[in-house]
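Observations on chain architecture
In case you want the letters, here they are:
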Amino acid sequence: MSATATASELDLLLGRKWKKPPFIKRPWLRWGLIVGAGIYLALAISSVPVNWARVYEGLERGAAFIAAFTSPDFVSRWNDIYHGMMESLIMTVAASVVGILISIPIGLGAARNIAPLPVYMICRGIVAVSRALQEIIVAILLVAIFGFGPLAGFLTLSFASIGFMSKLLAEDIESMDRVQAEAIKATGASWLQWINYGVQPQVMPRLVGLSMYRLDINFRESAILGLVGAGGIGATLNTAFDRYEFDTAAAILILIIGTVMALEYLSGIIRAKVQ
Amino acid sequence: MLRLEKLTKTYPTGDQALKAVDLEVPAGQVLALIGPSGAGKSTLIRCINRLVEPTSGKVWLGDQEITRLGSGALRRARRRMGMIFQEYALVERLTVMENVLSGRLGYVGFWRSFLRKYPQADIDEAFRLLDRVGLLEMADKRADELSGGQRQRVGICRALIQDPALLLVDEPTASLDPKTSRQIMRLICELCAERGLAAIINIHDVALAKLFVQRVVGLRFGAIEFDGPPEALTPDVLTQIYGEEDWEQTIEDVPDEEDEEEEAEAEEAAR
C-alpha cells in the first residue's frame, strides 16, 4: 500500500528541478526584509553629512602627518619616549599577569558544566560588569580616584582582562570533552585533582593562546589609556600631538606597531608549541 | 559483592532509563550486559559509581551502601570501582604514564598529584601494568599519539592501578576493529581472572560477549529481560531483548575461534 503511494509520489518528483529550501519560508517576509535592509542602508549612507570643502583642506594636513612618517624623529624626545614605552610595557605585563591569575578561578566558576548555579551566577555577573564597562570609562574613573599615572592604567587593564579572559576560558571549559573529565572523576579524584587532570590539559592551549592575545590587546590599550591620563606611551603620544610634533608622534606609532608585531610573532610561536 | 536493589533512574526529561533493577554480582564474576541502544546499559553502569545519580534504589558494594555516601566517602568508594570507557576517555594531552597514574588520584594528596610526585610503589605498579599490556615503551608518549587498541589498553591500566574490586566497562570495543575488539575483550577477561575481579561489561556485540563471559544479562527499556549463561541465549531470547530479527547467524558465530587465538598469540610473540 505504502509502496504504491511512494511510487506515485516519486513519479511526481522525477524530472523536476530541485532547489535548496529558502532559510525564511514565507516569501513576503523574505522579500520584505531584503527590500527593508536595502532602503535602510541607502537612507543611512545619505544621512551622513560630508563637508567636501573641509575634506579638501584636511587632505593637506593628512599629507603632512603621513609625510612625518618618512622622517620619524626618535632622537629629540628619546627620553620621554623611552620612559613612556617602559611604563607601558610594565603596565601591560603586570596587568596581564594579575588579570589572568584572577580570571582563572572566575572562568572556572563561570563554566556551567563544572560550577554550581549560585557560583555560576556570581562569576557570570563579574564577567558581565567587567565587559560592560569600556576601558576608557573605567580609566577615567580610576584616574579620578588614584590620580594621573600608570597605577590607574594598570588597574584598568587588569579589570578589563578579567572579563575578557574569564568569559573565553569559561566557554572553552563548557565545550571540553565531558568523558575525559568523567573518567578522572571515576577514579575517586578530589575536585582540585579533577580540575588539574581532567579539565586543565584540555583547556591549556586555549588559555595560553588567549593570554598572549590579551597581552597584545593590553599593550595596544595602554597606548589609548594615556590619552585620559592613565600613563604609559599614550601620554607621550598625546603630548607629541599637542605640540604638533608629528615626527615624534610618528616615531612613537612605529614603536607601537613594531611591538605589536613582535608580540604577534611571539604568540604564534608559543601557540604552536603548546598544541 | 555488588548488589543493586530496585535501582531506578528517571531523567529530568521524564525518560525512565532504569525501572527498579535488581541485580547481584558475586566476587570474581564477569558479566556481560547486552541490550539495544537506549536500553539503559550506560546509565546502569554510571549509577553504580554515581557518575549518574540514581533517582531511587540502593547500590551495595560489599557491606557499603554506595547510594548513601557523602562526597568524601563516595570518592573513597570510587577507588574500588575501576571504569573503562567506550571512547577510551584518556586525557589526550597527558602522557600515557600520567593517564595510568591518574588511577591513583583517589589515594594521593593534591600536591603530590599536582607535582606528579607519586609514591615509588605506584610508579612501579604503573610500569608493571604497562608491561603486562605490552605498552612499556609508550610510557612517555602523549595519549593522542596512540592507536585505538593501544589507548584502550592504557584505559585498562588506569582502571586496574586503582586496585579495584569491581570493573565497570562501558562498550570497550565499540570503536575498535573486530580483531582488536577480541584482543581487548580477552585481555579484560584474563586480567579479571588473574586478579579475581568482578566486572560488568556493557557490550553491543552479542557474539563477542558469548565468547568471553560466564553470565549474560539482557536489558530492555530499563528492565532486565534475561539473566543466564551465554548458552541460554536462543533466538527467542534475543528477540525478546532486541525485537524481531534473524538471530541464527549471531548465535552460530563462534567459528574460527581456534585460528583467531593462534593468530593473536603469534602476533603477541612477534612483538
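Definitions and limits used
- Residues numbered from 1 in each chain as written.
- Chains lettered and ligands numbered in written order.
- Predicted model: local features only at pLDDT ≥ 70, side-chain atom pairs only at ≥ 80, totals over all residues.
- Helix = DSSP H or I, 4+ residues; strand = E, 2+ residues; numbered from the N terminus.
- Rg over C-alpha atoms; globule rule 2.2 N^0.38 Å.
- Buried ≥ 20, exposed ≤ 12 C-beta atoms within 10 Å, placed from the backbone.
- Contact = placed C-beta atoms within 7 Å.
- Axes fitted to C-alpha atoms, helices over the stretch in contact; angles between N-to-C directions.
- Parallel < 35°, antiparallel > 145°, perpendicular 65-115°, else oblique.
- Left-handed = near helix turned anticlockwise from the far one by under 90°.
- Nonpolar A, V, L, I, M, F, W, Y, C, P; charged D, E, K, R; others polar.
- pLDDT = per-residue confidence, 0-100.
- Pairing = 2+ DSSP bridges.
- Core = buried A, V, L, I, M, F, W, Y, C linked by C-beta atoms within 7 Å.

This brings us to the overall build of chain A. Helix and strand content of chain A: 11 helices and 0 strands. Computed over its C-alpha atoms, the radius of gyration of chain A comes to 27 Å, more than 25% above the 19 Å expected for a compact globule of 275 residues. Dimensions of chain A, computed from C-alpha atoms along their principal axes, come out at roughly 95 × 65 × 35 Å. Taken across its 275 residues, chain A has 35% of its residues classed as buried. Long-range contacts, defined as pairs at least 24 residues apart, comprise 70% of the intrachain contacts of chain A with a sequence gap of at least 6.

This part is about the overall build of chain B. Along its length, chain B carries 11 helices and 10 strands. Principal-axis analysis of the C-alpha atoms places the extent of chain B at approximately 55 × 50 × 30 Å. Residues classed as buried in chain B amount to 42% of the 271 residues present. Here the analysis covers contacts within chain B between residues at least 6 apart in sequence; of these, 69% occur between residues at least 24 apart.

The subject of this paragraph is the packing of helix H8 (residues 178-186) of chain A against helix H9 (residues 191-225) of chain A. All names here are of chain A. Put simply, H8 and H9 touch, their axes get as near as 9 Å, and they point 165 degrees apart. Relative to H9, the element H8 lies roughly antiparallel. Like other packed secondary-structure pairs, H8 and H9 cross with a definite hand, here right-handed. Here Gln-180, Ala-181, Ile-184 and Lys-185 of H8 lie close against H9, whose contacting residues are Trp-194, Tyr-197, Gly-198, Val-199 and Gln-202. In terms of residue class, the contact of H8 with H9 is made up of 5 nonpolar, 3 polar and 1 charged.

What follows deals with the confidence of the model for chain B. All names here are of chain B. Confidence in the prediction of chain B, expressed as mean pLDDT, is 87, and 92% of residues score 70 or more. At the level of individual helices and strands, chain B shows its lowest average pLDDT in helix H11 (residues 257-270), which scores 49, and its highest in helix H3 (residues 96-101), which scores 95. Per-residue pLDDT stays below 50 along residues 254-264; that stretch engages in 5 contacts with residues further than four places along the chain or on separate chains. Here the predicted complex carries an ipTM of 0.85, next to a pTM of 0.81.

For the rest of this paragraph, the subject is the sheet that holds strand E10 (residues 223-228) of chain B. Residues and elements named next belong to chain B. The strand order E6-E7-E8-E3-E9-E10 describes an open sheet built from 6 strands, whose pairing is mixed. Two strands in the sheet have a free side with no partner beyond their single neighbour: strand E6 (81-84) and E10. In this sheet, neighbouring strand axes are inclined to one another by 20 degrees on average, regardless of whether the strands run parallel or antiparallel. With 4 bridges joining them, strand E3 (residues 30-34) and strand E9 (residues 215-220) adopt parallel strand pairing. Pairing of Ile-34 across the sheet is with Gly-218, part of E9.

What follows concerns the nonpolar core. Counting residues in hydrophobic clusters, the biggest one holds 115 residues, and the most contacted among them are Leu31(B), Val100(B), Ala199(B) and Ile201(B). By residue number, the principal contributor to this core is helix H7 (residues 150-174) of chain A, which donates 12 residues. Setting aside residues up to four positions removed in sequence, Ile201(B) forms contacts with Val30(B), Leu31(B), Ala32(B), Leu33(B), Val169(B), Pro172(B) and Val213(B). Core analysis: the second largest hydrophobic core is formed by 11 residues, Phe246(A), Ala249(A), Ala250(A) and Ile252(A) among them.

All names here are of chain B. Strand order in this open sheet of 4 strands is E2-E1-E4-E5, and the pairing throughout is antiparallel. Strands at the two margins of the open sheet, each flanked by one partner only, are strand E2 (16-25) and strand E5 (64-65). Together, strand E1 (2-10), E2 and strand E4 (56-61) form the strand contacts of helix H1 (residues 41-48), whose direction differs from that of E2 by roughly 60 degrees.

On the chain A side, the residues contacting the 22 residues of chain B number 19 residues. Sorting the residues of the side of chain B that touches chain A by element identifies helix H2 (71-78) and helix H4 (110-114) of chain B as the ones contributing at least two each. Tallied by class, residues from the side of chain B that touches chain A come to 9 nonpolar, 6 polar and 7 charged.

Side-chain positions along a regular strand alternate between the two faces of the sheet. Residues and elements named next belong to chain B. Relative to E10, E9 is paired through 5 bridges, and the arrangement is antiparallel. Pairing of Val-216 across the sheet is with Gly-228, part of E10. Where E9 folds back on E10, the antiparallel hairpin that results is connected by 2 residues, among which Phe-221 adopts a positive phi of roughly 50 degrees.

Right, let's get into the environment of Ala73(B). Mapped onto the elements, Ala73(B) comes out in helix H2. When the C-alpha positions of Ala73(B) and Asp163(B) are compared, they lie 17 Å apart, and in sequence the two are 90 residues distant.

Turning next to helix H10 (residues 233-242) of chain A. Residues and elements named next belong to chain A. Of the residues making up H10, those classed as buried are Ile-233, Gly-234, Ala-235, Thr-236, Leu-237 and Ala-240. Where H10 is buried, its residues contact helix H4 (78-109), H9 and helix H11 (246-274). Tyr-244, located one to two residues past H10, shows a positive phi value of around 55 degrees.

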